[in-house]
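Understanding the architecture of this molecule
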Amino acid sequence: MIFDPPPWQPVHLTRDGAKLAHIEAGPLTPEGQPLLLINGWTGDHGIFTPQIRHFSKTRRVVAVDLRGHGASDAPEQDYTMAGFADDIAWQSRTLGLVRPVVIGHSLGGAVALELCGRHPDLAAGLVMIDTIVLPSPDAAGSPEIEGLLAGVGGPDYRAVVREMAWSIGCDYDHPARRQALFDTFILGPCLRTPQHVAYSALRNMIRHHDPVPAARACRIPMAYISADVPLVEAARDLELLRELCPQLVTAKTLLAGHFNTIEVAEQVNPMIERFLAVGLRSRGR
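Nothing here was measured: the structure is a model prediction, and the numbers come from that model. (Residues numbered from 1 in each chain as written. Predicted model: local features only at pLDDT ≥ 70, side-chain atom pairs only at ≥ 80, totals over all residues. Heavy atoms only, no water.)

**Some thoughts on the pattern of salt bridges**
In total, this model carries 13 salt bridges according to the counting rule given. Here E233 makes a salt bridge to K252, at a shortest N to O gap of 3.1 Å. Here the residue E233 occupies a position in helix α9 (residues 230-235), and K252 occupies one in strand β8 (residues 248-252), the gap between them amounting to 19 residues. For K252, a relative accessible area of 43% gives the class partly exposed. One network of salt bridges, in which partners are shared, links R15, R67 and D87. (Salt bridge = Lys/Arg side-chain N within 4 Å of Asp/Glu carboxyl O. Helix = DSSP H or I, 4+ residues; strand = E, 2+ residues; numbered from the N terminus. Buried < 20%, exposed > 50% of the residue type's maximum accessible area, 1.4 Å probe, protein only.)

**Details of the state of the cysteines**
With the rule as written, the count across this model stands at zero disulfides. No disulfide involves C170; its sulfur sits 15 Å from the nearest other cysteine sulfur, which is in C190. (Disulfide = S-S within 2.5 Å.)

**Overview of the nonpolar core**
Counting residues in each nonpolar core, the largest one holds 87 residues, and the members touching the most others are V102, L126 and L241. Sequence-distant contacts of L241, that is, excluding residues within four places in its chain, are made with M128, V133, L134, A215, M222 and L248. (Core = buried A, V, L, I, M, F, W, Y, C linked by side-chain atoms within 4.5 Å. Contact = heavy atoms within 4.5 Å.)

**Description of the pairing of strand β6 (residues 125-129)**
The side chains of a regular strand alternate between both faces of the sheet. Summarising burial for β6: five of the five residues are buried, a large majority. Residues of β6 alternate between two faces, with G125, V127 and I129 on one and L126 and M128 on the opposite face, all of them buried. Judged from the five bridges that link them, strand β5 (residues 101-105) and β6 form a sheet pairing that is parallel. In the sheet register, I103 faces β6, and the bridge partner there is V127. Tracing the backbone out of β5, into helix α3 (residues 107-118) and back to the parallel element β6 gives a crossover that is right-handed. Where β6 lies against strand β7 (residues 222-226), four bridges are found, and the strand directions are parallel. Residue pairing in the sheet places M128 in a bridge with Y224 of β7. (Pairing = 2+ DSSP bridges. Right-handed = clockwise from strand over helix to strand, strands pointing away.)

**So, helix α7 (residues 195-208)**
Here α7 contains 14 residues, and its C-alpha end-to-end distance of 19 Å stays within 8% of the 20 Å for a straight helix at 1.5 Å per residue. Taken together, the buried positions of α7 are occupied by V197, A198, S200, A201, L202, R203, N204, M205 and I206. Against the buried residues of α7 lie α2 (81-94), α3, α4 (143-152) and α5 (157-168). (Expected span 1.5 Å × (residues − 1).)

**What about the sheet that holds β8?**
Where strands meet in a sheet, backbone hydrogen bonds hold them as pairs that are either parallel or antiparallel. Pairing is mixed across the open sheet formed by eight strands, whose spatial order is β1-β2-β4-β3-β5-β6-β7-β8. The two strands at the open ends of the sheet, each matched to only one other strand, are β1 (11-15) and β8. For this sheet the average axis-to-axis angle between neighbouring strands, irrespective of direction, equals 20°. Relative to strand β4 (residues 61-64), strand β2 (residues 18-25) runs antiparallel, the two sharing four bridges. Bridge pairing in β4 places I23 opposite A63. With respect to the sheet, α3 is in contact with β3 (35-38), β5, β6 and β7, its orientation differing from that of β5 by roughly 145°. (Axes fitted to C-alpha atoms, helices over the stretch in contact; angles between N-to-C directions.)

**Thoughts on unusual backbone geometry**
The phi dihedral of R99 falls on the positive side, at around 50°, and the residue is not glycine. Take R99: it is sitting in the loop between α2 and β5. A relative accessible area of 37% places R99 in the partly exposed class. Positive phi, normally seen in glycine, also occurs at L255, with a value near 55°. Overall, the relative accessible area of 53% leaves L255 in the exposed class.

Any functional reading would require information that these geometric values do not contain.
Take a look at the structure:
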């Protein structure tokens, strides 16, 4: 099984001395709202390859590489949800994106929620894909979380993040296809993400980030697409998100791991299409 790697060349915009990468695709005369795609922890825009190919047939699509990830610069600094969100708000406005629908995968979904809460006039809608959203504060000090942070901050960093990326993909797919997906889209960005970026982003998300204010402030149509990943299911709190955001709609891909945007794009793309066609006009407050 052979996958074609992402074909798009990153373009850079410079903010505060750091080059922030994005790719852009779509027709000269696009239809509907543009899409703004946000990658997850130790990933890059390649996680959305099937979505970019599909939606850029009719829409303007911009997919960012978070600061420190992919083709973006990785300065020595703190990496926070607020910082990521403000970077993307700046990129969006610099690129002239008008009321995009923001779609975030994994940690990118948490960034997307922070973005839409901090900048409430920016987006027309929000989609989070298998994001650990509103995690329990009690989990922050658990042995599992502390062990993960120690591993990401320790001398075996690359082995730790590689194993995490492999395990969270889960074992639903044919082994050869799963390996090809991992080798083409997941492993490279994972190993290229500098340790100081990965550790700071994870530590700040777990120990210092409170997503509740952003959720309370987010009034736009909102969707959550989950996957069959026990770790993510145990760590997130969709019921609390629904209390804070009654406009939330949810869906779940069938028998797919964390990288469902690639593994089962034939499920994810129609869910996004339905949200764009129906959710944007019927669920806002």
